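# Structure at a glance
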Amino acid sequence: MDFIISGAVAVIAMTFFSALYNYFTKDEFREPNLLSQIFKKLFQRTSTQKTFISGWIAHFLIGYIFLGLYELAWWYFDIPKSVDIAILFGTVSGFLGIIGWELMFKIARYRIDFSYGHYYFHLVLAHIVFSIVAVVLNM
């Protein structure tokens with residue numbers, strides 16, 4: 001499937017998973033919203049609407065970066081496109097995501113009142129969803 005379409009569908013699936021997780025746990029774990037809050041803290045004079053849009057754009061761009069890394073791994077290392085590989089990619093991506101979020105929280109000096117361990121557990125699951133969708137669409 002086309003890179004742009006499969007990336008968009010995988011990001012939307014991940015975001016939907018995070019929205020469902022948010023609905024059931026009542027914890028604000030939706031990545032675009034958290035990115036928007038970080039941007040609002042970093043760029044305090046920027047409107048809420050612009051930081052909201054920037055959060056969504058950043059979320060999609062990061063998704064395309066991950067998908068690009070998957071594409072490189074498939075091509076360069078001749079890794080098969082399978083669900084078990086997708087779970088592995090998603091787990092690795094989740095841990096890379098944790099590092100990225102930790103850096104963003106520190107750079108922005110942003111503290112939110114939730115369990116970071118719980119958020120990071122969710123983040124790994126969300127990346128596994130992203131990866132499975134991306135791999136299945138590219139099989």
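See the structure printed just above.
Residues numbered from 1 in each chain as written. Predicted model: local features only at pLDDT ≥ 70, side-chain atom pairs only at ≥ 80, totals over all residues. Heavy atoms only, no water.

## Let's talk about the nonpolar core
Here is the rule we go by: Nonpolar core, defined: a set of buried Ala, Val, Leu, Ile, Met, Phe, Trp, Tyr and Cys residues in which side-chain atoms within 4.5 Å join the residues together. Throughout, exposure labels follow a simple rule: accessible area from a 1.4 Å probe, protein chains only, divided by the maximum for the residue type, with under 20% read as buried, over 50% as exposed, and the rest as partly exposed. Secondary structure elements are defined from DSSP: runs of H or I of at least 4 residues count as helices, runs of E of at least 2 residues count as strands, and each element is numbered from the N terminus. For this analysis, residues touch if any pair of their heavy atoms sits within 4.5 Å.
If you look at the biggest cluster of nonpolar residues, it comprises 20 residues, and the most contacted ones within it are Trp101, Phe105, Phe114, Tyr119 and Tyr120. Listed by contribution, the elements that provide at least two residues to this core are helix H2 (31-42), helix H4 (83-107) and helix H5 (116-137). Not counting chain neighbours up to four residues away, the residues in contact with Trp101 comprise Glu31, Leu34, Leu35, Ile38, Tyr119, Tyr120 and Leu123. In terms of nonpolar packing, the next biggest core, distinct from the first, is built from 16 residues, Ala10, Met14, Tyr70 and Val133 among them.

## Looking at the pattern of salt bridges
Should their charged atoms come close, side chains of opposite charge can pair. The condition is simple: By salt bridge we mean one thing: a side-chain nitrogen of Lys or Arg within 4 Å of a carboxyl oxygen of Asp or Glu.
According to the stated counting rule, one finds one salt bridge in the structure shown. One salt bridge in this structure joins Lys106 and Glu102, with 3.3 Å as the shortest N-O distance. With Lys106 and Glu102 both in helix H4 and four residues apart, this pair spans about one turn of that helix. Its relative accessible area of 59% is what places Lys106 among the exposed residues. Overall, Glu102 belongs to the partly exposed group, its relative accessible area being 27%.

## Quick look at H4
We count it as follows: What a helix is expected to span follows from its residue count: subtract one and scale by 1.5 Å.
When the terminal C-alpha atoms of H4 are compared, their 35 Å separation across 25 residues agrees well with the 36 Å that a helix rising 1.5 Å per residue should span. Looking at H4, one finds that the buried residues are Ile85, Ala86, Phe89, Gly90, Ser93, Gly94, Gly97, Ile98, Trp101 and Phe105. Taken together, the buried residues of H4 touch H2, helix H3 (48-76) and H5. At the exit of H4 stands Arg109, carrying a positive phi of roughly 50°.

## A word on H2
If you check H2, its first and last C-alpha atoms are 16 Å apart, about what 12 residues at 1.5 Å a residue would give, namely 16 Å. Turning to H2, its buried residues number three or more, namely Glu31, Pro32, Asn33, Leu34, Leu35, Ser36, Ile38 and Phe39. Elements in contact with the buried residues of H2: helix H1 (3-25), H3, H4 and H5.

## Quick notes on a nonpolar patch on the surface
Definition in use: Patch construction takes residues with relative accessible area above 30% that form no salt bridge. Like charges are linked within 9 Å, and nonpolar side chains (Val, Leu, Ile, Met, Phe, Trp, Tyr) are linked within 5 Å. With residues, only the protein chains shown are counted as cover, and all accessible areas are computed by Shrake-Rupley using a 1.4 Å probe.
On the surface, Leu42, Phe43, Leu88, Val92, Leu96, Ile99, Leu103 and Ile107 cluster together to form a nonpolar patch covering roughly 780 Å² of accessible area. Per-element tally for the nonpolar patch: the top contributor is H4, with six residues. Note on Leu103: relative accessible area 49%, which makes it partly exposed.

## Comments concerning the packing of aromatic side chains
The criterion, for reference: Pairing of aromatic rings covers Phe, Tyr and the six-membered ring of Trp, with a centre-to-centre limit of 6.5 Å; geometry is then stacked below 30 degrees between planes, edge-to-face above 60, and tilted otherwise. We call a charge positioned above a ring when the Lys NZ or Arg CZ atom is no farther than 6 Å from the ring centre and deviates by at most 35 degrees from the ring normal.
Per the stated rule, a full pass over the model turns up 15 aromatic pairs. Ring centres of Tyr70 and Phe89 lie 4.9 Å apart, and the angle between their planes is 35°; on these two criteria the pair is classed as tilted. Here Phe89 lies in helix H4 and Tyr70 lies in helix H3, a separation of 19 residues in the sequence. Judged on exposure class, the residue Tyr70 and its partner Phe89 are both buried. Taking 5.7 Å as the distance between ring centres and 90° as the angle between the ring planes, the aromatic pair formed by Trp101 and Tyr119 counts as edge-to-face. Taken together, the residues span a long stretch of sequence, with Trp101 in helix H4 and Tyr119 in helix H5 at a distance of 18 residues. Judged on exposure class, the residue Trp101 and its partner Tyr119 are both buried. What links up through ring pairs into an aromatic cluster is the set Tyr70, Trp74, Phe89 and Phe130. Its end group placed over the ring of Tyr23, Lys26 keeps NZ or CZ at 4.6 Å from the ring centre. Against the face of Trp74 rests Lys81, its NZ or CZ located 4.7 Å from the ring centre.

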